[in-house]
Amino acid sequence: MSKLAAFGGTAAVPKDQRRVDWPLIEDEDRKAVLDTLEGARLVSNSDGANPVSILEEHWARRFGFGHCVAVSTGTAALSLALAAVGVGPGDEVIVPALSFIATGLAPVHQMAVPVFADVDPVTFNLDPDDVERRITDRTAAIIPVHLHGAPADMDRITDIARRHGLAVIEDAAQAPGATHRGRPVGGIGDAGAFSLQVTKNIPTCGEGGLFVTGNAELAESVRRGRQFGEVIESGRERDYVSYGLGWNHKMNAIQAAFTDAQLTRFDAYEDARQRNVADFLARLAPLPGLRVPTALPDTTHAWHILRFRFSPAAFGLDPARPEALRSTLRRLLRAEGVPMSQYQLMPLPDQKVFVDRVGFGDGHPWSLTGTPRPAGEDHPVARAVIADSLTLQKRHLHPGSGDLLRLYADAFEKVWANADMVTTLAEAAS
Ligand SMILES: *Cc1c(COP(=O)(O)O)cnc(C)c1O
């Protein structure tokens, strides 16, 4: 049994092998950016084909979406999607209690109230039973998030939405390429939102987002919404008339060109990633008290983030205090060179903006609807997942990370070989 790095042993992952860059920037990405600077088509309303319209076309074709509208960020794509389906003041939108903050903020941008539903303990995505329990006569939409790249249970969510007449906007920010029964996520509900922010699986060199839908009217509504409510069509002179409420959420042409270049390598990257992650998880799966991420049957996980849950009971620890084990494992694995971290420090409903109801003055939009249950007493599964899990992010996205993941697996095995020490440290910490 080798000595843990936290106590002076040799780290499983040598220091000079820890660095991994993401995004991967190749000459063709640099060329795409420079060609755009030379091309005089720097905004999405340039007449004719421009880098933004080209990315929209390629993204729709690669994944099989009817329409794609490029916007400034993933958050803007969510907000515009909600606006397009008619979500407005006083409406309620059901979102998962475990997600990135943007999923909860987007409804508020439309003066709607986010209603948080609990998540499934295995997929970390919306629990359809809890969604159903939280539907009221104000509910207008559901935002399932394909968290970490794992498809949500779209069969049950679309069924609930159909029975109650609700719109479904998929937050696919973490899941380009993930599929559900052979269909691309983002294209199963009424509309979907992707993010091209640099840490995502298909990045740009900054910020970007994509709205997708099979519905031409929704696409047109988002196209107007991204540019001041104007109608912008190829061959038609811009008339500067705002036909509806609009924002300025246009995508930058340089960023579109960069992502378009990345998209041409996505399939090769994705093949390598699927292989690397499968090998890595196969090595970790036998370790007692460690639950590796999985996906629902007949779905493809896009592995944006790898989340591992730890069982205190397997280490002879008090199951009521999972945080002690989590922080002990975090410390020991980081010492070995595995950058384990928490993803989301609290459930979304505990975020200050929602607890304090900081919206549009005077408690709007929340003052229009009922009082939520107090924080801390709700969403037991989201709370449990945050308390007993850690994540691995970004480095495994690199297609060449197979060797690094083997070293990470060595580190996990080494820490697990010292399970007695883990127990002693966790007991002392609790
Ligand atoms: C990144 C992300 C967003 C927001 O995307 P931005 O492009 O950063 O605005 C929304 N939802 C989820 C789940 C995300 O991970």
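Further up the page is the structure itself.
Since this is a predicted model, take the numbers as computed values, not measurements. (Residues numbered from 1 in each chain as written. Predicted model: local features only at pLDDT ≥ 70, side-chain atom pairs only at ≥ 80, totals over all residues. Heavy atoms only, no water.)

Colleague: Account for the pairing of strand β9 (residues 209–213), with residues named and values stated.
Modeller: The element β9 is largely enclosed, with a buried count of five among its five residues. Burial of β9 is two-sided: the residues G209, F211 and T213 facing one way and the residues L210 and V212 facing the other way are all buried. With five bridges joining them, strand β1 (residues 67–71) and β9 adopt antiparallel strand pairing. Paired with H67 across the strands is T213, a residue of β9. The pairing of strand β8 (residues 191–195) with β9 spans five bridges and is classified as antiparallel. Residue pairing for β9: A193 is matched across the bridge by F211. (Buried < 20%, exposed > 50% of the residue type's maximum accessible area, 1.4 Å probe, protein only. Helix = DSSP H or I, 4+ residues; strand = E, 2+ residues; numbered from the N terminus. Pairing = 2+ DSSP bridges.)

Colleague: Provide a residue-level description of the site of the ligand, including the pertinent values.
Modeller: Near the ligand lie 15 residues; those nearest to it are G74, T75, D171, S195 and K200. Within the side chain of D171, one N or O atom sits 2.7 Å away from a nitrogen atom of the ligand. In the model, an oxygen atom of the ligand is placed 2.6 Å from a nitrogen or oxygen of the S195 side chain. Protein contacts shield 93% of the accessible area of the ligand, which totals 380 Å² for the unbound molecule. For the shell around the ligand, the secondary-structure elements that each account for two or more residues are α3 (74–84) and α4 (101–109). Across the shell around the ligand, the residue classes tally to four nonpolar, nine polar and two charged. (Near = heavy atom within 4 Å. Polar contact = N/O pair within 3.5 Å; in protein donor to acceptor, adjacent residues only side chain to side chain. Areas by Shrake-Rupley, 256 points an atom, 1.4 Å probe, with all protein chains shown as cover. Nonpolar A, V, L, I, M, F, W, Y, C, P; charged D, E, K, R; others polar.)

Colleague: Can you tell me about the sheet that holds β9, naming the residues and giving the values?
Modeller: Spatial strand order, β1-β9-β8-β5-β4-β2-β3: seven strands in an open sheet with mixed pairing. The open sheet is flanked by β1 and β3 (113–117), the only strands paired with a single partner. Between one strand axis and the next, the sheet turns by 25° as a mean value, whatever way the strands run. In terms of strand pairing, strand β2 (residues 92–96) meets β3 through five bridges, oriented parallel. Bridge assignment links P96 to a residue of β3, and that residue is A117. The sheet strands contacting α3 are β1, β2, β4 (139–142), β5 (167–171), β8 and β9, and the helix crosses β8 at an angle near 165°. In the packing of helix α7 (residues 216–225) onto the sheet, contacts are made with β1 and β9, and the angle to β1 comes to roughly 15°. (Axes fitted to C-alpha atoms, helices over the stretch in contact; angles between N-to-C directions. Contact = heavy atoms within 4.5 Å.)

Colleague: How would you explain the packing of aromatic side chains if you had to name every residue and give the values?
Modeller: Applying the stated criterion across every chain yields a total of 15 aromatic pairs. With centroids separated by 5.6 Å and ring planes inclined at 50°, the aromatic side chains of F308 and F412 adopt a geometry described as tilted. Of this pair, F308 sits in strand β12 (residues 305–310) while F412 is found in helix α12 (residues 402–417), placing the two residues 104 residues apart along the sequence. For F412, a relative accessible area of 0% corresponds to the buried category. The interplanar angle of 45° and the centroid separation of 6.3 Å between the aromatic rings of F310 and W416 together place this pair among those described as tilted. Taken together, the residues F310 in strand β12 and W416 in helix α12 connect sequence positions 106 residues apart. Of the residues examined, F310 reaches a relative accessible area of 3% and is grouped as buried. (Phe/Tyr/Trp six-rings, centres within 6.5 Å; stacked < 30°, edge-to-face > 60°.)

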